Amino acid sequence: MPLVEKARIMDAEKMRRTITRIAHEIVEKNKGTSNLALIGIRRRGVPLAERLAENIKKIEGVQLPIGILDITLYRDDLATSAHQPVVHQTNVPFPVTGKRIVLVDDVLYTGRTVRAALDAIIDLGRPAVIQLAVLVDRGHRELPIRADYVGKNVPTSRREIVSVLLKETDGQDKVIIEEFRDD
């Protein structure tokens, strides 16, 4: 069944403004940038973390450390997956112990990706706090996980797919809702 675009949630300009707002919220909630670091969940969480860091640098004049987290081996569905997972490198070039970590991802859905990311971070050390920033929260949580910073809450059905497209990975910036067509 082919996917068809049902709605456009964000265009490039709305995405830029949303990321700028989240960057301001992060600085405000943390009372600056002291002891703060960003960790993006591989794939689209990484460029979003980089964009947040760029915005925070414009606001505060400070370059925050950025880490890249691969959660493949921490997923709770590895045993049920039909395909062999591809493991990429985790690169967190700073100690997480005692840091204020902002975990960054594109879409918050069931919460299982975030749970896996929390396990991966805890294996690296004991942060002072872990906060979660997402571009889109689409609901349908299966675990008790809530984002601290949300770009947009988008109510969806389980049949729908929220796709975040980024210049860095997809050649364009937009967020769309797609649905399987019943042809």
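Here's a quick rundown of the structure. (Residues numbered from 1 in each chain as written. Predicted model: local features only at pLDDT ≥ 70, side-chain atom pairs only at ≥ 80, totals over all residues. Heavy atoms only, no water.)

Some thoughts on the overall build of the chain
Then comes step 1: Check the secondary structure of the chain and you find 4 helices and 8 strands.
Then comes step 2: The helix and strand sequence of the chain, counted from the amino end, reads β-α-β-α-β-β-α-β-β-β-α-β.
Then comes step 3: For 183 residues, the compact-globule estimate of 2.2 N^0.38 gives 16 Å, and the chain sits close to it at 16 Å.
Then comes step 4: For the C-alpha atoms alone, the extent of the chain along its principal axes is close to 55 × 40 × 30 Å.
Then comes step 5: Counting over 183 residues, the chain shows a buried share of 45%.
Then comes step 6: Relative to all contacts within the chain whose residues are 6 or more apart in sequence, the contacts with residues 24 or more apart total 71%.
Then comes step 7: Working note: accessible area of the chain is about 9,600 Å², and carbon and sulfur atoms make up 49% of it.
Then comes step 8: Looking at charge distribution, the chain has the averaged site of its 29 positive side-chain charges lying 3 Å from that of its 26 negative ones. (Helix = DSSP H or I, 4+ residues; strand = E, 2+ residues; numbered from the N terminus. Rg over C-alpha atoms; globule rule 2.2 N^0.38 Å. Buried < 20%, exposed > 50% of the residue type's maximum accessible area, 1.4 Å probe, protein only. Contact = heavy atoms within 4.5 Å. Areas by Shrake-Rupley, 256 points an atom, 1.4 Å probe, with all protein chains shown as cover. Lys, Arg positive; Asp, Glu negative; His and termini not counted. Charge placed at Lys NZ, Arg CZ, Asp CG, Glu CD.)

Examining the packing of aromatic side chains
Then comes step 1: For the structure on display, the rule yields 0 aromatic pairs.
Then comes step 2: Just above the ring of Tyr149 sits the side chain of Lys29; from NZ or CZ to the centre is 5.6 Å.
Then comes step 3: Above the plane of the ring of Tyr109 lies Arg138, whose end atom (NZ or CZ) is 3.9 Å from the centre. (Phe/Tyr/Trp six-rings, centres within 6.5 Å; stacked < 30°, edge-to-face > 60°. Lys NZ or Arg CZ within 6 Å of the ring centre and 35° of its normal.)

A short note on the side chain of Arg44
Then comes step 1: Relative to the assigned elements, Arg44 resides in the loop between strand E2 (36-41) and helix H2 (45-60).
Then comes step 2: A polar contact of 2.8 Å, which involves the side chain of Arg44, links it to the side chain of Asp170.
Then comes step 3: Sequence-distant contacts of Arg44, that is, excluding residues within four places in its chain, are made with Asp106, Val164, Leu166, Thr169 and Asp170. (Polar contact = N/O pair within 3.5 Å; in protein donor to acceptor, adjacent residues only side chain to side chain.)

Topic: helix H3 (residues 112-124)
Then comes step 1: For H3, which comprises 13 residues, the first-to-last C-alpha distance of 19 Å matches the rise-based estimate of 18 Å (1.5 Å per residue) to within 8%.
Then comes step 2: All buried positions along H3 are accounted for by Val114, Ala116, Ala117, Ala120 and Ile121. Viewed along the axis of H3, the buried residues span an arc of 160°, placing them on a single side of the element.
Then comes step 3: The inward-facing, buried residues of H3 contact E2, strand E3 (66-69), strand E4 (100-108) and strand E5 (129-137).
Then comes step 4: Of the residues trailing H3, Gly125 is marked for its positive phi of about 155°. (Expected span 1.5 Å × (residues − 1). Arc of directions from axis to C-beta.)

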